[in-house]
Amino acid sequence: MSASGLAVFDKTLQITNIWLDDLMEDHGPDRQLAWRMLSAVLHTLRDRLPADLAAHLSAQLPLLIRGTYYDQYDPSKQPSRIRSLDAFLEQVNEELSSARPVDVNEAVRSVFRVLSHFLDPDEARKVREGLPEEIRELWPDPAKLH
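Read on for a plain summary of the structure.

Cut-offs and rules
In this numbering scheme, every chain counts its residues from 1 along its sequence in written order. Per-residue local features are limited, in this predicted model, to residues with pLDDT of at least 70; the limit for side-chain atom pairs, both in listing and counting, is 80 or more; totals at the level of whole chains, interfaces and linings are taken over all residues. The side-chain quantities take in all heavy atoms of the structure and omit both hydrogens and water. Within 6.5 Å between ring centres, the rings of Phe, Tyr and Trp (the latter by its six-membered ring) count as paired, and their orientation is classed by plane angle as stacked under 30 degrees, edge-to-face over 60, tilted in between. Secondary structure elements follow DSSP: runs of H or I no shorter than four residues count as helices, runs of E no shorter than two count as strands, and numbering proceeds from the N terminus. Partly exposed residues are those whose accessible area sits between 20% and 50% of the maximum for their type, while under 20% is buried and over 50% is exposed, using a 1.4 Å probe and protein chains only. A helix's residues, less one, multiplied by 1.5 Å, set its expected span. Fitted lines through C-alpha atoms give the axes, limited to the stretch in contact for helices. The angle between two N-to-C directions lies from 0 to 180 degrees. Angular relationships are summarised with four words: roughly parallel below 35 degrees, roughly antiparallel beyond 145, roughly perpendicular across 65 to 115, and oblique for the angles in between. Residue contacts are defined here by distance: any two heavy atoms, one from each residue, within 4.5 Å place the two residues in contact. Each residue gets one of three labels, nonpolar for Ala, Val, Leu, Ile, Met, Phe, Trp, Tyr, Cys and Pro, charged for Asp, Glu, Lys and Arg, and polar for the others, Gly among them. A residue counts toward a patch only above 30% relative accessible area and without a salt bridge, and it is joined to like-charged neighbours within 9 Å or, for Val, Leu, Ile, Met, Phe, Trp and Tyr, to nonpolar neighbours within 5 Å. With residues, only the protein chains shown are counted as cover, and all accessible areas are computed by Shrake-Rupley using a 1.4 Å probe. Salt bridge, as applied in this entry: a Lys or Arg side-chain nitrogen positioned within 4 Å of an Asp or Glu carboxyl oxygen. Under the counting rule used here, the positive set is Lys and Arg, the negative set is Asp and Glu, and His together with the chain ends is not counted. One atom stands in for each charge, and that atom is NZ of Lys, CZ of Arg, CG of Asp or CD of Glu. Joining through side-chain atoms within 4.5 Å is the link that ties buried Ala, Val, Leu, Ile, Met, Phe, Trp, Tyr and Cys residues into a set, and such a set is a nonpolar core.

## Re the packing of aromatic side chains
Thought 1: Inspection of every chain in the model, using the stated rule, returns five aromatic pairs.
Thought 2: Measuring from centroid to centroid gives 5.5 Å for tryptophan 19 and phenylalanine 118, while their planes differ by 20°, and the two rings are stacked. With tryptophan 19 in helix α1 (residues 7-27) and phenylalanine 118 in helix α6 (residues 104-118), this residue pair connects regions lying 99 residues apart in the sequence.
Thought 3: Taking the relative accessible area as the measure of exposure, tryptophan 19 reaches 2% and is therefore buried.
Thought 4: Ring geometry for phenylalanine 112 and tryptophan 139: centres 4.4 Å apart, planes at 25°, overall stacked. Taken as a pair, phenylalanine 112 in helix α6 and tryptophan 139 in the loop between α8 (133-136) and α9 (142-145) lie far apart in primary sequence, 27 residues in all. Of the two residues, phenylalanine 112 and tryptophan 139, neither departs from the other in class, the shared state being buried.

## Regarding helix α2 (residues 31-48)
Along an α-helix, a turn takes 3.6 residues, which lines up residues three or four apart on a common side.
Thought 1: Helix length check: α2 (18 residues) gives 26 Å between terminal C-alpha atoms against 26 Å at 1.5 Å per residue, within 8%.
Thought 2: Of all the 18 residues making up α2, 13 are buried; the element is thus mostly covered by neighbouring parts of the structure.

## Let's talk about the packing of α1 against helix α4 (residues 63-70)
Thought 1: Interaxial distance between α1 and α4 falls to 7 Å at its minimum, and their mutual angle equals 75°. Taken as axis vectors, α1 and α4 run roughly perpendicular relative to one another. Contact residues: Val8, Thr12, Leu13, Thr16 and Trp19 in α1; Leu63, Leu64 and Ile65 in α4.
Thought 2: Of the residues assigned to the contact of α1 with α4, the class counts are six nonpolar, two polar and no charged.

## Quick notes on a negative patch on the surface
Thought 1: On the surface, a cluster of negative charge is made up of Asp86, Glu90, Glu94, Glu134 and Glu137.
Thought 2: Looking at the negative patch element by element, the count peaks at three residues for helix α5 (residues 85-95).
Thought 3: Tracing the backbone shows glutamate 134 in helix α8.

## With respect to a nonpolar patch on the surface
Thought 1: A cluster of nonpolar side chains, contributed by Leu6, Val8, Phe9 and Leu63, occupies part of the molecular surface with about 360 Å² of accessible area.
Thought 2: Structurally, the position occupied by leucine 6 is in the segment before α1.

## Quick word on the nonpolar core
Thought 1: One finds Leu45, Val108, Phe112 and Leu115 to be the most contacted residues of the largest nonpolar core, which totals 41 residues.
Thought 2: Elements supplying a minimum of two residues to this core: α1, α2, α3 (51-60), α4, α5, α6 and α7 (121-129).
Thought 3: Per element, the largest residue contribution to this core is eight residues, and it comes from α2.
Thought 4: Apart from residues lying up to four places away in sequence, leucine 115 is in contact with Trp19, Leu42, Leu45, Leu61, Ala124 and Trp139.

Here it is, written out as structure tokens:
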């Protein structure tokens, strides 16, 4: 019997926990921090991408993670003017301001690695290629992780 009574909820919770476990391997056993890092990077990424590419990315995300991805989404502000790595990291850091201190560069790198690992390689590559070069350097090539 499923824990929630709905298989779709059980599956998305299981997949989300796998993603969080993967992030915790890099940043320690703090599930709350892993969730905050995932959310902060996804929000910043979503806001940097053109709306159609952001929607394609969302379709690849597990249901629960897709919910946080769209939390506080305002398509009229998309894409943001973030062009540099410093501006990208600053936005992620701002979203993580109430969490325990973390190396923002490493947080972004870890989330990008998780995306490369779990998303369809072609879709991950499209999103990665939609970013400026210096941000893209933090994102491992999806083809090399599959």
